[in-house]
Amino acid sequence: MSKVKSRFVCQKCGYETLKWLGRCPDCGSWNTLVEERVQESAPGKGQALPKEAPLSILSADARPDERFSSGFSELDRVLGGGIVPGSVVLVAGDPGIGKSTLLLQLADRVASQGFTVLYVSGEESSRQVSLRARRLGLGSEKLMVVSETNMEAIEQHVTQVQPNLMVIDSIQTMWVPQLESSPGSVSQIRESAAQLVRMAKLSGCAIFVVGHVTKSGVIAGPRVLEHMVDTVLYFEGERNHSFRILRGVKNRFGSTNEIGIFEMGDSGLAQVMNPSAFFLSDRASAVQGVAVAASMEGTRPILVEIEALVTRSTYGNPRRVAIGVDYNRVAIILAVLEKRVGLFVSGEDVYVSVAGGLKLDDPASDLAVASAIASSFRGHPISASSVLIGEIGLTGELRSVSRIEPRIMEAARLGFKRCIIPCRNLRTAKALSAQLEILGAETVSQALEYTEGGAPGAGR
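As the structure is a prediction and not an experimental result, all values here were calculated from the model.

Visitor: In this structure, what is going on with the packing of aromatic side chains? I would like to understand it.
Guide: Two aromatic rings, taken as a pair, are described by how far apart their centres are and by the angle between their planes. Taken as a whole and judged by the stated rule, the model has six aromatic pairs. Judged by centre distance (5.6 Å) and plane angle (80°), the ring pair of Phe72 and Phe262 falls under edge-to-face. Separated by 190 residues along the polypeptide, Phe72 in the loop between β3 (33–40) and α1 (73–79) and Phe262 in strand β11 (residues 259–265) bring together distant segments of the chain. As far as burial versus exposure is concerned, Phe72 and Phe262 are alike and both buried. Ring plane angle 85° and centroid distance 5.4 Å describe the contact between Phe278 and Phe279, whose orientation is recorded as edge-to-face.

Visitor: Hey, could you run me through the sheet that holds strand β6 (residues 143–147) in this one?
Guide: Strands in a sheet are paired, the pairing made by backbone hydrogen bonds, and the direction either parallel or antiparallel. The nine strands lie next to each other as β6-β5-β7-β8-β4-β9-β10-β11-β12, forming an open sheet whose pairing is mixed. Edge positions in the sheet fall to β6 and β12 (268–271), since each of these pairs with one other strand and no more. Averaged over all pairs of adjacent strands, the angle between strand axes in this sheet comes to 25°, irrespective of strand direction. Relative to strand β9 (residues 231–236), strand β4 (residues 88–93) runs parallel, the two sharing five bridges. Following the sheet pairing, Gly93 is matched in β9 by Phe235.

Visitor: Help me understand the pairing of β6, please; the structure alone is not making it clear to me.
Guide: Looking at chain direction, strand β5 (residues 117–121) and β6 are connected through five bridges and run parallel. Directly across from Tyr119, in β6, lies its bridge partner Val145. Regarding topology, helix α3 (residues 126–135) serves as the crossover connection from β5 to the parallel β6, and that connection is right-handed.

Visitor: Hey, could you run me through the pattern of salt bridges in this one?
Guide: Opposite charge on two side chains permits them to pair, given that their charged atoms come into close proximity. By the definition in use, this model includes 18 salt bridges. One salt bridge in this structure joins Glu16 and Arg190, with 3.1 Å as the shortest N-O distance. A residue pair is termed long-range when its members are at least 10 positions apart, and Glu16 in strand β2 (residues 16–17) and Arg190 in helix α5 (residues 186–203) qualify at 174 residues. When its relative accessible area of 23% is taken as the criterion, Arg190 is described as partly exposed. With its nearest N and O atoms 3.8 Å apart, the salt bridge here joins Arg77 to Glu258. Highlighted residues: Arg77 in helix α1 and Glu258 in the loop between β10 (243–251) and β11, separated in sequence by 181 residues. Residues joined by salt bridges that share partners form a network here, namely Arg329, Asp366, Glu391, Glu397 and Arg399.

Visitor: When you look at the packing of helix α8 (residues 327–341) against helix α12 (residues 444–451) in this model, what are you seeing that I'm missing?
Guide: Think of two packed helices as two axes; the pair is described by the angle between the axes and how far apart they sit. Where α8 contacts α12, the two axes come as close as 10 Å, and the packing angle between them is 90°. When the axes of α8 and α12 are compared, the pair comes out roughly perpendicular. Side by side, α8 and α12 meet where Leu337, Arg340 and Val341 of the first sit next to Val444, Ser445 and Leu448 of the second.

Visitor: In this structure, what is going on with unusual backbone geometry? I would like to understand it.
Guide: Excluding glycine, a negative phi dihedral is what most residues carry, and trans is how most peptide bonds are arranged. With an omega of 5°, the peptide bond running from Asp169 to Ser170 counts as cis. Position of Ser170 relative to the elements: it lies in the loop between β7 (165–169) and α5. We note that Asn31 has phi near 55°; this positive angle belongs to a residue other than glycine. Residue placement: Asn31 occurs in the loop between β2 and β3. Residue classification places Asn31 among the exposed positions, given a relative accessible area of 61%.

Visitor: Any chance you could explain helix α9 (residues 366–378) here in plain terms?
Guide: Because each turn of an α-helix spans 3.6 residues, side chains separated by three or four positions in sequence point in the same direction. Here α9 spans 18 Å end to end across 13 residues, near enough to the 18 Å set by a 1.5 Å rise per residue. The buried count for α9 comes to eleven of 13 residues, which makes it a mostly enclosed element. Regarding α9, the residues found buried are Asp366, Leu367, Ala368, Val369, Ala370, Ser371, Ala372, Ile373, Ala374, Ser375 and Ser376. Looking one or two residues past α9, Gly379 carries a phi angle of roughly 80°, positive in sign.

Visitor: Please explain the packing of α8 against α9 as it appears in this structure.
Guide: Orientation of α8 relative to α9, taken along the N-to-C sense of each, is 60°, at an axis distance of 10 Å. Classified by the angle their axes make, α8 and α9 are oblique. Relative to α9, α8 is oriented so that their crossing is right-handed. The residues of α9 that touch α8, namely those facing Arg329, Ile333, Leu334, Leu337 and Val341, are Asp366, Val369, Ala370, Ile373 and Arg378. The residue inventory of the contact of α8 with α9, partitioned by class, reads seven nonpolar, no polar and three charged.

Visitor: Any chance you could explain the environment of Phe235 here in plain terms?
Guide: By the secondary structure assignment, Phe235 is in strand β9. Residue class for Phe235 comes out buried when judged on its relative accessible area of 3%. The spacing of Phe235 and Ile259 is 24 residues in sequence and 9.8 Å in space, taken between C-alpha atoms. Contacts of Phe235, omitting those with residues within four sequence positions, involve Ala92, Gly93, Asp94, Ile97, Gly98, Lys99, Leu102, Arg244, Ile245, Leu246, Phe262 and Leu269.

Visitor: Looking at this model, I keep getting lost on the confidence of the model for the chain. Mind explaining?
Guide: Note: predicted coordinates in regions of low pLDDT should not be interpreted at a detailed level. Of the residues in the chain, 91% reach a pLDDT of 70 or more, and the chain-wide mean stands at 87. The model gives residues 42–46 a pLDDT under 50, and that stretch makes one contact with residues more than four places away or in other chains.

Visitor: How do you make sense of the environment of Gly324 when you look at a structure like this?
Guide: Note on placement: Gly324 falls in the loop between β15 (320–323) and α8. Spatially, the C-alpha atom of Gly324 lies 34 Å from that of Ser121, the residues being 203 residues apart in sequence. Ignoring sequence-local partners within four residues, the contact set of Gly324 consists of Val354, Leu358, Lys359 and Leu360.

Visitor: What's the story with the side chain of Asp108 in this structure? I'm lost.
Guide: Its location among the elements puts Asp108 in helix α2 (residues 99–111). We note that Asp108 is buried and unpaired, the nearest opposite charge coming from Arg109 at a distance of 6.3 Å. What Asp108 contacts, discounting residues up to four positions off in sequence, is Leu138, Gly139, Ser140 and Leu143.

Visitor: Sorry, what's going on with the nonpolar core here?
Guide: Nonpolar side chains in soluble globular proteins generally cluster together in the buried interior. In terms of nonpolar packing, the biggest core is built from 45 residues, with Val304, Ile306, Leu337, Val352, Leu358, Ile373 and Val444 touching the most fellow members. Counting residues per element, this core draws most heavily on α9, which supplies seven residues. Apart from residues lying up to four places away in sequence, Val352 is in contact with Ile306, Glu307, Ala308, Val321, Ala322, Ile323, Val325, Val330, Val369 and Ile373. In terms of nonpolar packing, the next biggest core, distinct from the first, is built from 33 residues, Val78, Leu79, Ala107 and Leu138 among them.

Calculation criteria
- Residues numbered from 1 in each chain as written.
- Predicted model: local features only at pLDDT ≥ 70, side-chain atom pairs only at ≥ 80, totals over all residues.
- Heavy atoms only, no water.
- Phe/Tyr/Trp six-rings, centres within 6.5 Å; stacked < 30°, edge-to-face > 60°.
- Helix = DSSP H or I, 4+ residues; strand = E, 2+ residues; numbered from the N terminus.
- Buried < 20%, exposed > 50% of the residue type's maximum accessible area, 1.4 Å probe, protein only.
- Pairing = 2+ DSSP bridges.
- Axes fitted to C-alpha atoms, helices over the stretch in contact; angles between N-to-C directions.
- Right-handed = clockwise from strand over helix to strand, strands pointing away.
- Salt bridge = Lys/Arg side-chain N within 4 Å of Asp/Glu carboxyl O.
- Parallel < 35°, antiparallel > 145°, perpendicular 65-115°, else oblique.
- Contact = heavy atoms within 4.5 Å.
- Expected span 1.5 Å × (residues − 1).
- Left-handed = near helix turned anticlockwise from the far one by under 90°.
- Nonpolar A, V, L, I, M, F, W, Y, C, P; charged D, E, K, R; others polar.
- pLDDT = per-residue confidence, 0-100.
- Lys, Arg positive; Asp, Glu negative; His and termini not counted.
- Core = buried A, V, L, I, M, F, W, Y, C linked by side-chain atoms within 4.5 Å.

So, in structure tokens, the structure goes:
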């Protein structure tokens, strides 16, 4: 006979203990241990998976052409070239950001290619999903919809329908009858995810799973959930902006540096095929405190505007605000500008923001940040046809950046006339000098002289 045991599980990190504790010893959270009853089967009674004989990794069947398109080239880019049959993809994001809308459009586009798709909703009824699909102008005969949260019933639906793609919305609503804990608990999420992974590997059905996030921005539930799935995607964006970014943080079948950019409209999410033009304003003249940086997001170069405002502080402690760029990086750049360039901004309020709400983590945007700050402080505008690329060191030198060619080519494609880069990248970028003027700078001071109209070869 099976035994019924009781244990206390932390709902934040998944730590288990046999007795209740006020504070979780693992993550330090208070009052997160909840009692859960677990029914353990007798040894040897579990369902055995089909056995597979070991074989050489060179002789294993690994055909790259098995991927199929999601219907979104931006999503295919993030996934590494398309959807892999039998893979499990976790899509997480803030409430109302558009996760369900994206996956419903994905399901419809895949179904329109002739594949069978099963959309399982645990938060809406089938009628509500159908109403949302009609509002978005979707409707394919191959797209099946069911409202279900029981994992055993979902497995029966998969056996009956045999879909090529299945969407689970969301993992926090799924539950396994053998567990007595409520849906959304650590045990339920872990066991539901394990069953979904098993279904995907045995049937070859690709599964997209919607995951909720906590107030701190991490995926709700046990951390093991992210380890079990093949791909983890974060759907990001600001409510005040129409664009959305799909960012991969784990991908067993592709790179984790790629991003996909979408724009939310009345008819759902639309792909942004030219993100650089999307994030650049239509200004025709130079403006104080605005510089254009060329950032690399995976294999894609993106030109973005960095805005800075430097004003006299009215309080004892000057304010430092950074939106879209790392705050500590801005603090280092301010220290370099004061120590190496002679810009005394210690008594000034400094505000730095990336236009459009994009978040940058590319160090090659350092020079654009420093130039925007210096432009606002000195009152000298930067030419609207200039692009700045370079990483700033603590000694004030400009370090070389990777993949300089696609950055410069993107600037030339959008009509920019001049590009300021580190001297160490000049040899690589020399072949592109016919498309636009390329200036090399060894220090921040020399680069700032170029932005203010200095001639090449001016003092350092």
